[in-house]
Structures are given as structure tokens and as C-alpha cells.
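# Coordinate analysis (summary)
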Amino acid sequence: MRLRNAVIASASALLLALTLSNPAQAATGDFDYTYIGTGGISVNGSLADPNSGECINIPETVGNNFPALAPRNFTNATATVFLEADCDGDTYHVMTPGRILGGGIRLRSVIFS
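Everything quoted here is computed from the prediction, not taken from an experiment. (Residues numbered from 1 in each chain as written. Predicted model: local features only at pLDDT ≥ 70, side-chain atom pairs only at ≥ 80, totals over all residues. Heavy atoms only, no water.)

## Focus: the pairing of strand S8 (residues 109–112)
The criterion, for reference: Between any two strands, at least two bridges found by DSSP are needed for them to pair. Strands are runs of DSSP state E lasting at least two residues, helices are runs of H or I lasting at least four, and both sets are numbered from the N terminus onward.
Across two bridges, the pairing between strand S3 (residues 56–57) and S8 is antiparallel. Each bridged residue has a counterpart across the sheet, and for Asn57 the counterpart in S8 is Ser109. Sheet analysis places strand S5 (residues 79–82) next to S8, joined by four bridges and oriented antiparallel. Each bridged residue has a counterpart across the sheet, and for Val81 the counterpart in S8 is Val110.

Written as C-alpha cells, this is what we have:
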């Protein structure tokens, strides 16, 4: 009886330790977009294996008058893109894995689920 209780206690402790030390989940793959670079030239940008459940501001749009455009979700997660920074505002689009949206779609932030 004591051996069984000890095994159960050890297994429970191991399960708890694994649960607490689990790193943040990341979407696998690339999330691509286009942004306006120096001199008004269109440049391709990418987020590789982005964290899930965390709002990501598109780096090239911070402090820039131009939002990114034409998002392409080549990750294994659903991406929700927002026109405003910090995943804020009423203008957003939900992108399933593999979905490509045209150049008419503007974004400044994205969150993966």
C-alpha cells in the first residue's frame, strides 16, 4: 500500500512539474507580409514561429505612418490581424492556416491561436 501511494505521489509531482515548466506555445511556420521601406519601396517581412496567445506588433510599422499589407499565414495556427497596434480596434481579419489576403488588407498587429 505504501509503495502504491509513493508511486502515485511521485507521478503526480512529475506531472505538476512538467505542467509548470511548459514553455509558451508557438505557431510553427512563417507569417509573411509586405511593408513600405525606405524610399517608398515595398519590402517583404516575416515572423518566424511566432508565439501563440501573444499580441505581436509588426516591427516595421512601429513609428511608421504606413501599416503593413498583404498578410500571408503560412503557420499552423489561426492568425487574427488588426489594423491598429496592440491588437486593438474594430478592424480585423481572421486567417486560417495557409490563407493569403490581398494587398488591400492593412495590419499593424497580429495574434495567433
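Structure's up, so let's keep going.
## Observations regarding the nonpolar core
What counts, and what does not: Take the buried residues of types Ala, Val, Leu, Ile, Met, Phe, Trp, Tyr and Cys, join any two whose side-chain atoms come within 4.5 Å, and each joined set is a nonpolar core. Partly exposed residues are those whose accessible area sits between 20% and 50% of the maximum for their type, while under 20% is buried and over 50% is exposed, using a 1.4 Å probe and protein chains only.
Counting 17 residues, the largest nonpolar core has Phe31, Tyr33, Leu47, Ile58, Val110 and Phe112 as the members making the most contacts within it. Within the residue set of this core, elements represented by two or more residues are strand S1 (29–36), S5 and S8. A per-element tally of this core places S1 first, with three residues.

## Examining the pairing of S1
Note on strand geometry: in a regular strand, side chains alternate between the two faces of the sheet. Burial of S1 is extensive: seven of the eight residues sit out of reach of the surface. Here S1 runs beside strand S4 (residues 68–75); their pairing, made up of five bridges, is antiparallel. Bridge pairing in S4 links Asp32 to Arg72. In this sheet, strand S2 (residues 42–48) lies alongside S1 in antiparallel orientation, the contact comprising seven bridges. What sits directly across from Asp30, in S2, is Ala48. Counting the residues that bridge the hairpin from S1 to S2 gives five residues, and of these Gly39 lies at a positive phi of roughly 75°.

## Things to note about the sheet that holds S8
Pairing between the strands of a sheet comes from backbone hydrogen bonds, and it takes one of two forms, parallel or antiparallel. Read across the sheet, four strands follow the order S3-S8-S5-S6 without closing on themselves; strand pairing throughout is antiparallel. Of all the strands in the sheet, the pair left with one neighbour each is S3 and strand S6 (92–95).

## Some thoughts on the side chain of Thr75
Note the threshold: The definition of a polar contact used here is a pair of N or O atoms within 3.5 Å, where within protein one atom must be able to donate a hydrogen and the other to accept one, and adjacent residues in sequence count solely through side-chain atom pairs. Contacts: residue pairs with any heavy atoms within 4.5 Å of one another.
Structurally, the position occupied by Thr75 is in strand S4. Overall, the relative accessible area of 6% leaves Thr75 in the buried class. Among the polar contacts made by the side chain of Thr75, one reaches the side chain of Asn73 at a distance of 2.6 Å. Excluding anything up to four places from it in sequence, Thr75 contacts Ala27, Thr28, Gly29, Asp30, Phe31, Pro50, Pro97, Gly98 and Phe112.

## A word on the environment of Tyr35
Structurally, the position occupied by Tyr35 is in strand S1. Classification of Tyr35 by relative accessible area gives buried; the value is 17%. Note: C-alpha distance between Tyr35 and Thr61 (26 residues apart in sequence) is 7.6 Å. Ignoring sequence-local partners within four residues, the contact set of Tyr35 consists of Ile41, Ser42, Val43, Asn44, Gly45, Glu60 and Ala68.

## A few points about the sheet that holds S2
Taken in spatial order, the four strands make up an open sheet running S2-S1-S4-S7, and their pairing is antiparallel. Each of the sheet's edge strands pairs with one partner strand only, and the pair in question is S2 and strand S7 (106–107). Across two bridges, S4 lies against S7 in antiparallel orientation. Looking across to S7, one finds that Leu69 is bridged to Arg106.

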